[in-house]
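# Architecture and fold: a report
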Amino acid sequence: RNFCLNMPRETYTTKEEKEQALESKRKTLIEETKQVVTKPRYGLFSQPAPLAIGENSADTKKKPRRDEDGNVLTGPRNFLTTGTKKGKGRDGLFSEVGYLALGDPYIEQTKIKRKQEREKNSKNPHDVA
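Attention here is on the structure that accompanies the text. Starting from 1, residues in each chain are numbered consecutively following that chain's sequence as written. At least 70 in pLDDT is required for a residue's local features to be given in this predicted model, at least 80 for side-chain atom pairs to be given and counted, and no such filter applies to totals for whole chains, interfaces and linings, which use all residues. As a rule here, side-chain values come from all non-hydrogen atoms in the structure, and water together with hydrogens is ignored.

Attention shifts here to the overall build of the chain. On a plain count of helices and strands, the chain comes out with two helices and zero strands. For the chain, buried positions account for 4% of its 129 residues. The contact criterion used throughout is that any non-hydrogen atoms of two residues lie within 4.5 Å. For the chain, the share of sequence-separated contacts (at least 6 apart) that also reach a separation of at least 24 residues comes to 23%. Method for areas: the Shrake-Rupley scheme with a 1.4 Å probe, in which residue coverage is limited to the protein chains shown. Of the roughly 13,500 Å² that the chain leaves accessible, carbon and sulfur atoms contribute 54%. To qualify as a helix, a DSSP run of H or I must reach at least 4 residues; to qualify as a strand, a run of E must reach at least 2; elements of each kind are numbered from the N terminus. Each residue is placed in one exposure class: buried if its accessible area under a 1.4 Å probe, protein chains only, is under 20% of its type's maximum, exposed if it is over 50%, and partly exposed if it falls in between.

So, about a positive patch on the surface. Within the patch definition used here, like charges are joined within 9 Å and nonpolar side chains (Val, Leu, Ile, Met, Phe, Trp, Tyr) within 5 Å, considering only residues with over 30% relative accessible area and no salt bridge. For this document, the term salt bridge refers to a Lys or Arg side-chain nitrogen within 4 Å of an Asp or Glu carboxyl oxygen. Under the convention used here, Asp and Glu are negative, Lys and Arg are positive, and both His and the chain ends fall outside the count. By convention, the point assigned to a charge is CZ for Arg, NZ for Lys, CD for Glu and CG for Asp. A cluster of basic residues, Lys15, Lys18, Lys61 and Lys63, forms a positive patch on the protein surface. One can find lysine 63 in the loop between helix H1 (15-38) and helix H2 (109-122). Accessibility expressed as a relative area gives 75% for lysine 63, which makes it exposed.

Under the defined criterion, the tally for this structure stands at one salt bridge. A salt bridge links glutamate 23 to arginine 26; the shortest N-O distance between them is 3.1 Å. Taken together, the residues glutamate 23 and arginine 26, both in helix H1 and three residues apart, mark about one turn of the helix. For arginine 26, a relative accessible area of 15% corresponds to the buried category.

Turning next to H2. Every helix has an expected span of 1.5 Å times one less than the residues it contains. For H2, spanning 14 residues, the distance from its first C-alpha to its last is 20 Å, which sits close to the expected 20 Å at 1.5 Å a residue. Counted residue by residue, H2 has zero buried out of 14 residues, so it is predominantly exposed.

When you line up the elements, lysine 86 lands in the loop between H1 and H2. In this view, lysine 86 contacts Asp91 and Gly92; residues no more than four positions away in its chain are not counted.

Shown next, in the form of structure tokens:
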């Protein structure tokens, strides 16, 4: 099977000649792919067809957007945003700060675990509860 990557680079004199050559390559590749897909694989599932059959987006090249002087066009903008928020402390925030744990005492988890372990170990193992 011939892949386009292994083939020597061809030169074309006109754009139509190039399109005809590419179209004939596409047709032969599609036919080869159809033959590969229909071959039996000795009890296995058939080979799925590639998803890029007939894809020609790699052949098209975008022309750079330039004005009549040859300068690259940079507009129009896609979207606009406001300026960044400036300030220090509370005036640099979007809204007032709210805290969820005001008034709750801070308890270290390690102290709680140590206390539970002490209570567990201090119980008499011979007592039946």
